[in-house]
Amino acid sequence: MTDASLSLAHPTPALTSRAQKIALALGAVGALLLVLAWASGGALSPIPALLLSVGLMSAGVWLFVREEYLRHPAGIRNNGVWFSSLGARGVWGWVLGVWLTGFYVCLYWFPRYLQGLIELFTPLSRLLRARDADQWFVYGTLYTLAVVLMGVKFFFKYRHNAYQRVRTLSVVFFQLVFAWLLPGLLVRLQQPEIYFSYFWPLSYYQGTPMAYKSYAGSELGSLYFFFGLAMFFIGSPVLTYFWGKRWYCSWVCGCGGLAETAGDPFRHLSDKRLIAWKIERWMIYGILVFAFLMTALLWLNVALERGILRQLSEPFYRVYAFAIGAVFSGVVGVGFYPLLGSRVWCRFGCPMAAWLGIWQRKKSRFRITTNGGQCISCGNCSVYCEMGIDVRAYAQRGQDVVRASCVGCGICAAVCPRGVLRLES
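What you see is a predicted model; the values in this text were computed from it and never measured.

## Re the overall build of the protein
When you go through the protein residue by residue, the secondary structure sums to 19 helices and two strands. Radius of gyration (C-alpha) of the protein: 23 Å, near the 22 Å computed for a compact globule of 425 residues. Summarising its shape, the C-alpha atoms of the protein cover approximately 80 × 60 × 35 Å along the three principal directions. Within the protein, buried positions represent 50% of all 425 residues.

If you want it as C-alpha cells, here you go:
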C-alpha cells in the first residue's frame, strides 16, 4: 500500500478551520505583546499595550468559541484530543509546560525578571488598589484573565448542560470578585488584603500566629481570621454533608476554577492507574498532617514564649511554604498541566481537598449514582475524569461512585452517551 493510499485510509483530522486559525493568530499576537512587555523592562507604553493585548486575546477567544461551538448544535465535541500536539503531550504541550514552569520559577524566586510585566500592570494596580503593582498583582490579574476567557470557552462547550453552566459562572464569579476585585478594593481602603474564598489550610498562612498578629489591628482582618477557622472546622463539614466537596472544589476555589477552565483541554491526561491512586492517598493526607503539625508548632512556640520549639516550628513553616506552597501548588500544579493533567495539585497535594474528601467519603449525601444495565463500556467517563478515577469500573458494576477525591465536576455524567451517571445528593 502506498503512502497516498495510507493517507486516504487514515486521514489526519482537520483540527482548525480558517476562522479558528485567525482567532489563534489574534490571541497569539495579544500574548506576544505581553512577552514583549516582559522583555522590554517597561519600554512599552503600559496603558495602550495592556488594552491592546487583552483586547486581542479576548477577540481571539470569542472568535474561536464562535467557530468551534456556536456554529454547531449544542453537545460536547472532543474531536482530535488524542491527535493534538498540545493536548496529547506533543511538542506544543511540552513547550507550554516549560513556558509555564519558567514563569512560575520567575514569579516565586526571581521577580526582578518580571519587571517589564510589573510596569505594564502598574496603571491598572493604581486604579484598583491605589498603589504600584508587584509580581503578585500581575499573577492574580493574569490568573483571573485566564479563568474568565477560558471560562467563556468552557461555558459554550457545555452550554447544553445546566449544571456545567451554573458551575462555570460560579467559579468565574468567585475568582473575579472574591479573589481579584474585592482584595484590591480592600487595599485601596487601607484594609488587609483579604481573600474570602480561601481558607486554612489551603491558604496555609491564614491559620498561623503571624496572620493573627497582622490582622490584629483591623476589625475586618480579625473577623476574617476567625471566619476562616470557622469555615474549616464547621462550615466545610456541614456544606460537604449536603453537597459533597464540589461546593468548594468545583464552585468556589480558584485552583479548581483554573483547572476547570484553562485546564479543560488537558483533563484526559490524568493518570488512571492503581499505583497513582495509592500515591495520591499517601501524599494528600500526608500533606494535611504536615499542615496541622506545622501550624500547631507555630502556636506552641507562641504559647511557650518562643522557647525550645522556636528552632523547630519556624523551619517547618519555611519548608512547607517552599515545598508545598510554591513548588507543588504553583510550579508543578499549574506548570505541568500539559503533561500530567489539570488537577495534579488538587489530587495529590491540596490539604483542603484532603479535609473535604474525608467528610465526603464518610459523612456526605453526595454521590454519583450509576445504572450499570445501560453502560456500554465506552470509557468516556474514565478518560475525562480529571481526578484519575476509573468511573467505568463503578458503572460496570452498577456501584455508586463515592470517592474522597471526586470533586463533583460532573463531566463524567456529561460525556456519557447513555445517561448512566447522575450526580445525586
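## A word on the nonpolar core
If you look at the biggest cluster of nonpolar residues, it comprises 59 residues, and the most contacted ones within it are Leu-202, Tyr-248, Phe-328, Met-352, Ile-389, Val-391 and Leu-421. Looking at this core, the elements with two or more residues in it are helix H9 (219-243), helix H10 (246-249), helix H12 (274-303), helix H13 (310-335), helix H15 (344-348), helix H16 (351-363), helix H18 (391-397) and helix H19 (411-415). If sequence neighbours within four positions are ignored, Leu-421 has contacts with Ile-368, Thr-369, Thr-370, Cys-381, Val-391, Ala-395, Cys-412, Ala-413 and Cys-416. Of all hydrophobic cores here, the second largest spans 39 residues; its members include Leu-34, Cys-106, Val-138 and Trp-180.

## Some details on the pattern of salt bridges
All told, the structure shown has 14 salt bridges when counted by the stated rule. Salt-bridge contacts for Asp-132 lead to Arg-126; the nearest nitrogen and oxygen are separated by 2.7 Å. Given the relative accessible area of 45%, Asp-132 is considered partly exposed. Classification of Arg-126 by relative accessible area gives partly exposed; the value is 48%. One continuous salt-bridge network, built from bridges that share partners, spans Lys-157, Arg-167, Glu-260, Asp-264, Arg-267, Arg-343 and Glu-386.

## Observations regarding the packing of aromatic side chains
Evaluation of the coordinates by the stated rule reveals 45 aromatic pairs. Among the aromatic residues, those joined into a ring-pair cluster are Trp-38, Trp-99, Phe-103, Tyr-104, Tyr-108, Trp-109, Trp-136, Tyr-139, Tyr-143 and Phe-322. Sitting over the ring of Trp-277, Arg-281 keeps its end group 4.3 Å from the ring centre. In this structure, Arg-403 packs its charged tip against the face of Trp-277, placed 3.8 Å from the ring centre.

## Observations concerning the packing of H9 against H16
For the pair H9 and H16, the least separation of the axes is 9 Å and the interaxial angle reads 45°. Relative to H16, the element H9 lies oblique. The handedness of the crossing between H9 and H16 comes out as right-handed. Contact residues: Phe-232, Ser-236, Pro-237, Thr-240 and Tyr-241 in H9; Met-352, Trp-355, Leu-356, Trp-359, Gln-360 and Lys-363 in H16. Its residues assigned to classes, the contact of H9 with H16 shows seven nonpolar, three polar and one charged.

Rules of the game
Residues numbered from 1 in each chain as written. Predicted model: local features only at pLDDT ≥ 70, side-chain atom pairs only at ≥ 80, totals over all residues. Heavy atoms only, no water. Helix = DSSP H or I, 4+ residues; strand = E, 2+ residues; numbered from the N terminus. Rg over C-alpha atoms; globule rule 2.2 N^0.38 Å. Buried < 20%, exposed > 50% of the residue type's maximum accessible area, 1.4 Å probe, protein only. Core = buried A, V, L, I, M, F, W, Y, C linked by side-chain atoms within 4.5 Å. Contact = heavy atoms within 4.5 Å. Salt bridge = Lys/Arg side-chain N within 4 Å of Asp/Glu carboxyl O. Phe/Tyr/Trp six-rings, centres within 6.5 Å; stacked < 30°, edge-to-face > 60°. Lys NZ or Arg CZ within 6 Å of the ring centre and 35° of its normal. Axes fitted to C-alpha atoms, helices over the stretch in contact; angles between N-to-C directions. Parallel < 35°, antiparallel > 145°, perpendicular 65-115°, else oblique. Left-handed = near helix turned anticlockwise from the far one by under 90°. Nonpolar A, V, L, I, M, F, W, Y, C, P; charged D, E, K, R; others polar.

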